[in-house]
Amino acid sequence: MTLQLSEGKYFGNVIKHKEYSHFHCSITRYQPGERINDHYHENSYLSLLINGSYVEDHAYTMDRVDAGKIMFRPCGYIHANTFNEYGGACLNIEFKAGLYEFLEQSTKFPQRAELYQTGHFLSPYKLLISFTRCIDEQMCEEFILDWLFELCKQPP
């Protein structure tokens, strides 16, 4: 049976969590060798691997995610994760259901999971620094909106 995680919920130990009007941001830590069975999330989200690495299983594919890489997962995307012998930590940015109405534009998230190489987008790394150092909370929201703007500029 595949488990659905409701808004703002993640496996692992939540180290830090902050709810914004249209996003949830959290840092979760995972134990060495931790295996997370098939599951999916209620909302789309972006996950930046801060340290460690893991293998993500989805249907017939497997991706190795190393520190610094960013994974976008659409809502309903079924996946499983197995962390390496060092474990890992992730910055998760979950997009609440009312985001499209808030943006009042045709911002489109990818329709499938996307793995972005380290440095492909700068805003999530800026967000990580701002979020972990408790810098101006409004800047965290700006970095998320910057990422959405960067995403919209990407070729289809």
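Because the structure is predicted, anything quoted here is derived from the model rather than measured.

Re the side chain of H79
On the secondary structure map, H79 appears in strand β8 (residues 79–95). For H79, the side chain forms a polar contact with the main-chain oxygen of Y77, separated by 3.0 Å. Among all residues touching H79, those that are not within four sequence positions of it are N37, D38, H39, H41, Y45, E56, D57 and R73.

Some details on the state of the cysteines
Across all of its chains, the model carries zero disulfides by this definition. With no disulfide of its own, C140 lies closest to C25 among cysteine sulfurs, the gap being 6.2 Å. Of the residues examined, C140 reaches a relative accessible area of 2% and is grouped as buried.

Some words on the environment of F131
Summarising the element assignment, F131 is placed in helix α2 (residues 123–132). F131 sits in the buried class, given a relative accessible area of 2%. For F131, the contacting residues outside a window of four places in its chain are K16, H17, K18, Y20, C25, S26, I27, L91 and C140.

What to know about α2
Of all the residues in α2, the buried ones are S123, P124, L127, L128, S130 and F131. Among the residues trailing α2, C134 stands out with phi positive, at a value near 55 degrees.

Observations concerning the pairing of strand β7 (residues 70–73)
Here is the key point about a regular strand: its side chains alternate between the two faces of the sheet. Burial along β7 is two-sided: the residues I70 and F72 and M71 and R73 are all buried. With four bridges joining them, strand β5 (residues 45–58) and β7 adopt antiparallel strand pairing. Residue pairing for β7: L48 is matched across the bridge by I70. Pairing analysis gives three bridges linking β7 to strand β9 (residues 114–116), with the strands arranged antiparallel. Paired with I70 across the two strands is Y116, which belongs to β9.

A few points about the confidence of the model for the protein
Chain-level statistics for the protein give a pLDDT mean of 87 and a share of 90% at 70 or above. Here helix α1 (residues 99–103) stands out as the element of the protein with the lowest mean pLDDT, 59, in contrast to β5, whose mean of 96 is the highest.

Points about the packing of aromatic side chains
Scanning the model with the defined rule gives eight aromatic pairs in all. Here the aromatic rings of Y10 and Y45 are separated by 5.3 Å at their centres, their planes lie at 75 degrees, and the arrangement is edge-to-face. On the criterion of sequence distance, the pair formed by Y10 in the loop between β1 (3–5) and β2 (13–19) and Y45 in strand β5 is long-range, its members being 35 residues apart. Across this residue pair, the class does not change: Y10 and Y45 are buried. On the numbers, 5.0 Å between centres and 45 degrees between planes, the contact of Y54 with F83 is tilted. Here the residue Y54 occupies a position in strand β5, and F83 occupies one in strand β8, the gap between them amounting to 29 residues. A relative accessible area of 3% means that Y54 is categorised as buried. We classify F83 as buried; its relative accessible area is 4%. Each member of the aromatic cluster is reached from another via a ring pair, and the members are F23, F72, F95, Y116, F121 and W147. Against the face of F131 rests K16, its NZ or CZ located 4.7 Å from the ring centre. Here the basic side chain of K18 rests over the ring of Y20, its NZ or CZ set 5.7 Å away from the ring centre.

Rules behind the numbers
Residues numbered from 1 in each chain as written. Predicted model: local features only at pLDDT ≥ 70, side-chain atom pairs only at ≥ 80, totals over all residues. Heavy atoms only, no water. Helix = DSSP H or I, 4+ residues; strand = E, 2+ residues; numbered from the N terminus. Polar contact = N/O pair within 3.5 Å; in protein donor to acceptor, adjacent residues only side chain to side chain. Contact = heavy atoms within 4.5 Å. Disulfide = S-S within 2.5 Å. Buried < 20%, exposed > 50% of the residue type's maximum accessible area, 1.4 Å probe, protein only. Pairing = 2+ DSSP bridges. pLDDT = per-residue confidence, 0-100. Phe/Tyr/Trp six-rings, centres within 6.5 Å; stacked < 30°, edge-to-face > 60°. Lys NZ or Arg CZ within 6 Å of the ring centre and 35° of its normal.

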